[in-house]
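Chain residues, written in single-letter form:
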Amino acid sequence: MGQNLSLRDARHIWHPLTQHKTHGMAHGIARAQGVYLYDTQGKAYLDAISSWYTAVYGHCNPQITRRVAAQMEELDQVVFSGFTHEPAVSLSEKLLGHLPGNQEKVFFSENGSTAVEVALKIALQYHFNLGAPRKILLAFESGFHGDTFGALSVSGLSVYNGPFEGMALEVRRIPVPDDPDAAQSLATLEAILAEAPVAGFVYEPLVQGAAAMKTHDAAGLDKILARLRETGALLIADEVMTGFGKTGTNFASAQLETQPDLICLSKALTAGLLPMGITSCSAQVYNAFLSDSVEKGFFHGHTYTANPLACTAALAALELLETAEMQSNISRIAGAHRDFETRVQSHHKVLATRRIGVIFAMDLDVETDRYGSLRDILYGFFMERGIYLRPLGNTVYILPPYITTDDELARIYQAMEEVLEFIS
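Residues numbered from 1 in each chain as written. Predicted model: local features only at pLDDT ≥ 70, side-chain atom pairs only at ≥ 80, totals over all residues. Heavy atoms only, no water.

A. View of the pairing of strand β2 (residues 36-39). By the alternation rule, side chains of β2 split into Y36 and Y38 and L37 and D39, which are all buried. Relative to β2, strand β1 (residues 29-33) is paired through four bridges, and the arrangement is antiparallel. Along β2, the bridge assignment pairs I29 with D39. Following β1, the chain reverses through two residues before pairing antiparallel with β2; G34 in that reversal takes a positive phi of roughly 60°. (Buried < 20%, exposed > 50% of the residue type's maximum accessible area, 1.4 Å probe, protein only. Helix = DSSP H or I, 4+ residues; strand = E, 2+ residues; numbered from the N terminus. Pairing = 2+ DSSP bridges.)

B. Quick look at the packing of helix α13 (residues 373-384) against helix α14 (residues 406-422). At their nearest, the axes of α13 and α14 sit 11 Å apart, and the two run at 130° to each other. Put simply, α13 runs oblique to α14. Between α13 and α14 the crossing geometry is right-handed. Note on element contacts: α14 touches α13 through A415, M416, E418, V419 and F422, opposite I377, L378, F381 and F382. (Axes fitted to C-alpha atoms, helices over the stretch in contact; angles between N-to-C directions. Parallel < 35°, antiparallel > 145°, perpendicular 65-115°, else oblique. Left-handed = near helix turned anticlockwise from the far one by under 90°. Contact = heavy atoms within 4.5 Å.)

C. Quick peek at the sheet that holds strand β14 (residues 359-364). Taken together, the three strands give an open sheet; going across it, the order is β13-β14-β16, and neighbouring strands pair in antiparallel fashion. The open sheet terminates on both sides in strands that have one partner only, identified here as β13 (350-356) and β16 (395-398). The mean angle between the axes of side-by-side strands here comes to 10°, regardless of whether they run parallel or antiparallel. When β14 meets β16, the two strands line up antiparallel, connected through four bridges. In the strand pairing of β16, D363 is matched with T395.

D. Structural view of the side chain of Q71. Mapped onto the elements, Q71 comes out in helix α3 (residues 62-72). Given a relative accessible area of 14%, Q71 falls into the buried group. Apart from the residues within four sequence positions on either side, Q71 is in contact with P87, P308, L309 and T312.

E. Spatial organisation of helix α9 (residues 218-231). Under the 1.5 Å per step criterion, the end-to-end length of α9 is 20 Å for 14 residues, consistent within 8% with the ideal 20 Å. For α9, the capping residue at the N-terminal end is D217, with a side-chain oxygen 3.0 Å from the backbone nitrogen of A219. Count one or two residues on from α9 and you reach G232, which has phi positive near 90°. (Expected span 1.5 Å × (residues − 1). Polar contact = N/O pair within 3.5 Å; in protein donor to acceptor, adjacent residues only side chain to side chain.)

F. Quick look at the packing of aromatic side chains. Overall, the coordinates contain 15 aromatic pairs when judged by the stated rule. Judged by centre distance (5.2 Å) and plane angle (90°), the rings of F140 and F201 are edge-to-face. In this pair, F140 sits in strand β5 (residues 136-140) while F201 sits in strand β7 (residues 198-203), placing the two residues 61 residues apart along the sequence. Across the pair, F201 and F140 agree in class, each one buried. Their ring planes at 10° and their centres at 4.3 Å tell us that F340 and Y413 sit as a pair that is stacked. Of this pair, F340 sits in helix α12 (residues 324-344) while Y413 sits in helix α14, and the two are 73 residues apart along the sequence. In this pair, the class of F340 matches that of Y413, namely buried. Following the ring pairs from residue to residue traces out a cluster consisting of F107, F289 and F298. A cation over an aromatic ring shows up here: R31 above the ring of Y38, its NZ or CZ 3.9 Å from the ring centre. Positioned over the ring face of Y286 is K105, at 4.5 Å from the centre of the ring. (Phe/Tyr/Trp six-rings, centres within 6.5 Å; stacked < 30°, edge-to-face > 60°. Lys NZ or Arg CZ within 6 Å of the ring centre and 35° of its normal.)

G. Inspection of the sheet that holds β5 at higher detail. Across the sheet, which stays open at both edges, the seven strands sit in the order β4-β12-β11-β10-β7-β5-β6 with mixed pairing between neighbours. Edge positions in the open sheet fall to β4 (103-109) and β6 (171-174), since each of these has one partner strand only. Taking each pair of neighbouring strands and ignoring which way they run, the sheet shows an average axis angle of 20°. In terms of strand pairing, β7 meets strand β10 (residues 234-238) through four bridges, oriented parallel. Paired with V202 across the bridge in β10 is I236. Against the sheet, helix α4 (residues 86-96) engages β4, β11 (262-265) and β12 (277-282), with an angle of about 135° to β4.

H. Structural context of unusual backbone geometry. The backbone of S50 shows a phi angle near 50°, a positive value even though the residue is not glycine. Among the structural elements, S50 can be located in helix α2 (residues 50-53). For S50, a relative accessible area of 0% translates into the label buried. Phi at A182 takes a positive value of approximately 50°, unusual for a residue other than glycine. In this structure, A182 sits in the loop between β6 and α8 (183-195). Residue class for A182 comes out buried when judged on its relative accessible area of 3%.

Now the structure itself:
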């Protein structure tokens, strides 16, 4: 069955982030439960990255699936322009109770890229509506914010951007702050501000996911945010990856003094069950779109905006995040990462380690390109041991579901220690 599925897949399907000329056939997955994925041959793989940071409460969590199944019998889909429904309203109320206090409105979309796309359009139109248009957007070097055109524009990874250079929005980039002074970042920022005002700054707070979990200094980031706020630029926190507990707090922005004007959410928002994105904003931002002129409204919409099933999944997931058990699990995993870091950081094949919350990353002391052959070798090494990881270049990182047990964490750590001997 497994081989047949892979062959059928190869006939017609174009996979994301895949060079099909050199890539093998896709691996067939039949089902998932808890922290495990099961392939078509019945082999189990421990999902050590929560399927791209989504299924943080475990796959097919019954507390979520039961709620969504019941919602299917009530209301499956309805246009959200002119209509509303209970799942969307309840979700907005509960979510805003967890976001920074300046957040007052939520705008629904379908994924992380569109959540960022919405925020960028809002930032640009905000200044337009105020009668002082600004065209320049600001982002960090090596950031990643999605692959729709606006989100791609503010991303800084060449493999994504290369074919589209010169076709995108006008973006300037600054280095991430590695220390509390953020001197280099601020110097670059001042040079940019001397040219023209910035409409909005989009940033992954504290950790850049696609940049191999590269972390940056909170105090340094605060200085950048405070300076930009003085200029009237809107601050856009991309919490698509960092949100919902992954950095040790429910949202990474909680670890900063200067709070964003807009926040982008997706991934763990619905616990990986259904696609949805949310862009939240402050009353100041929202009020700039209120006018007797229709044209000053925000004319952006998607067919599946605020889909009732996705809203129900997100509401159930947020209730799980609130439980003492999940908060304890997050702390437990963070502590286990700390202990593991102490164990491996002095190994001669470990170039560097970093951790924040449930995220742990280890750079191997080997030469390789981001998408070089080593990545595939490491991927196969872990899959053979029944562990699903997606190394980036010489970086092996983990972001396990919050329900991962100590024994399952030990399995992941053991495999990561074994890979150090494997590459020696």
